[in-house]
Amino acid sequence: MARKIEETVTVPQGIEATLDGHILSVKGKLGTLQRMVGNPLVTIKEENNTITLSTSSSLRKQKRMLYTIKSHINNMIQGVQNPYQYKLKICSGHFPITIKVEGQYVTISNFLGEKIPRKSKVLPNVTVKIDKDAILVQSFDLEAAGQTAANLEQATRVGKRDRRVFQDGCYITEKPGRNFI
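In this report, the structure presented in the accompanying data block is examined.

Rules and cut-offs
Residues numbered from 1 in each chain as written. Predicted model: local features only at pLDDT ≥ 70, side-chain atom pairs only at ≥ 80, totals over all residues. Heavy atoms only, no water. Helix = DSSP H or I, 4+ residues; strand = E, 2+ residues; numbered from the N terminus. Rg over C-alpha atoms; globule rule 2.2 N^0.38 Å. Buried < 20%, exposed > 50% of the residue type's maximum accessible area, 1.4 Å probe, protein only. Contact = heavy atoms within 4.5 Å. Areas by Shrake-Rupley, 256 points an atom, 1.4 Å probe, with all protein chains shown as cover. Lys, Arg positive; Asp, Glu negative; His and termini not counted. Charge placed at Lys NZ, Arg CZ, Asp CG, Glu CD. Core = buried A, V, L, I, M, F, W, Y, C linked by side-chain atoms within 4.5 Å. Salt bridge = Lys/Arg side-chain N within 4 Å of Asp/Glu carboxyl O. Expected span 1.5 Å × (residues − 1). Pairing = 2+ DSSP bridges. Axes fitted to C-alpha atoms, helices over the stretch in contact; angles between N-to-C directions.

1. Quick word on the overall build of the chain
Inference 1: Looking only at helices and strands, the chain has two helices and 14 strands in total.
Inference 2: At 21 Å, the chain has a C-alpha radius of gyration far larger than the 16 Å of a compact globule built from 181 residues.
Inference 3: Considering the chain as a whole, with its 181 residues, one finds that 36% of them fall into the buried category.
Inference 4: Here the contacts in the chain between residues at least 6 apart in sequence split such that 58% fall between residues at least 24 apart.
Inference 5: Total accessible area on the chain is roughly 11,300 Å²; 48% of this is exposed by carbon and sulfur atoms.
Inference 6: Charge-centre separation for the chain: the mean point of 27 positive side chains lies 6 Å from the mean point of 16 negative side chains.

2. Some remarks on the nonpolar core
Inference 1: Leu 88, Ile 99, Val 128, Ile 135 and Val 137 are the most contacted members of the largest nonpolar core, which has 22 residues in total.
Inference 2: Where this core is concerned, the elements lending two or more residues are β7 (84–91), β9 (105–109), β11 (126–131), β12 (134–139), α2 (142–155) and β13 (169–175).
Inference 3: Ranked by residues supplied to this core, first place goes to α2 with five residues.
Inference 4: If sequence neighbours within four positions are ignored, Ile 135 has contacts with Tyr 86, Lys 87, Leu 88, Ile 90, Ile 99, Val 128, Lys 129, Ile 130, Leu 152 and Cys 170.

3. What about the pattern of salt bridges?
Inference 1: Applying the stated criterion to the full structure yields six salt bridges.
Inference 2: With its nearest N and O atoms 2.9 Å apart, the salt bridge here joins Arg 35 to Glu 143. Here the residue Arg 35 occupies a position in strand β4 (residues 32–36), and Glu 143 occupies one in helix α2, the gap between them amounting to 108 residues.
Inference 3: A relative accessible area of 42% places Glu 143 in the partly exposed class.
Inference 4: Among the salt bridges present, the one from Asp 162 reaches Arg 164, with a minimum N-O distance of 3.1 Å.
Inference 5: Judged by relative accessible area, which is 33%, Asp 162 ranks as partly exposed.
Inference 6: Judged by relative accessible area, Arg 164 falls into the exposed class, the value being 67%.

4. Quick notes on helix α1 (residues 60–79)
Inference 1: Between its terminal C-alpha atoms α1 stretches 28 Å, which fits the 28 Å expected from 20 residues at 1.5 Å a residue.
Inference 2: If you check which residues of α1 are buried, you get Gln 62, Leu 66, Ile 69, Lys 70, Ile 73, Met 76, Ile 77 and Gly 79.
Inference 3: Those residues of α1 that are buried are in contact with β1 (5–10), β3 (23–27), β4, β5 (43–47), β6 (50–55) and β7.

5. Digging into the environment of Ala 134
Inference 1: Of note, Ala 134 is situated in strand β12.
Inference 2: Looking at Ala 134, the relative accessible area reads 32%, which means it is partly exposed.
Inference 3: Sequence separation between Ala 134 and Cys 170 is 36 residues, and the spatial gap between their C-alpha atoms is 8.7 Å.

6. Section: α2
Inference 1: With 14 residues, α2 extends 20 Å from end C-alpha to end C-alpha; this agrees with the ideal 20 Å at 1.5 Å per step.
Inference 2: Considered for burial, the residues of α2 that qualify are Ala 144, Ala 145, Gly 146, Thr 148, Ala 149, Leu 152 and Ala 155.
Inference 3: Buried-residue contacts for α2 involve β7, β9, β10 (118–121), β11, β12 and β13.

7. Points about the sheet that holds β9
Inference 1: Strand order in the open sheet formed by three strands is β8-β9-β10, with antiparallel pairing between adjacent strands. Strands with a single pairing partner mark the edges of an open sheet, and in this sheet they are β8 (98–102) and β10. Pairs of neighbouring strands in the sheet enclose a mean axial angle of 20°, with direction left out of account.
Inference 2: Relative to β9, β8 runs antiparallel, the two being bridged by five bridges. Residue pairing across strands places Ile 99 opposite Ile 108, the latter belonging to β9.
Inference 3: Sitting on the sheet, α2 is in contact with β9 and β10, with an inclination near 165° to β10.

So, in structure tokens, the structure goes:
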């Protein structure tokens, strides 16, 4: 028998969350995040510093959407309080790699001895800092920080060579909630 599921997200002091139709805006000390959270399977209400999510039944698809939207809202609230950060390690065994931040791109020069530099896009509201053989990607938007780190890792992908020998590139070593080393 299908039963109704209801979840609540409490908005902490100092953070303002407003729901305008299907668009949720979360404003905190680091900035403002907006996201479309509307879904026909999930009903969303915002009142008195709480966001209430509910479904009409407990079917798997509806539960999945409810908890996905709840996770996105929690990530938005956490992001405007403390920035998310990814750490990448620069590995260069064959040729010395030069990495520079130029506007909204990160330029990777002399990767595997290539003459043409590779470029990686930095998304808006993301800061990239380079310190010797480490790259720090920070943002209050989890998805933008993650995509920028993935762009850097993808830009230095080695193709048509044995990856056991050519281990050059930028690799994610830390991300929010998880360490790889």
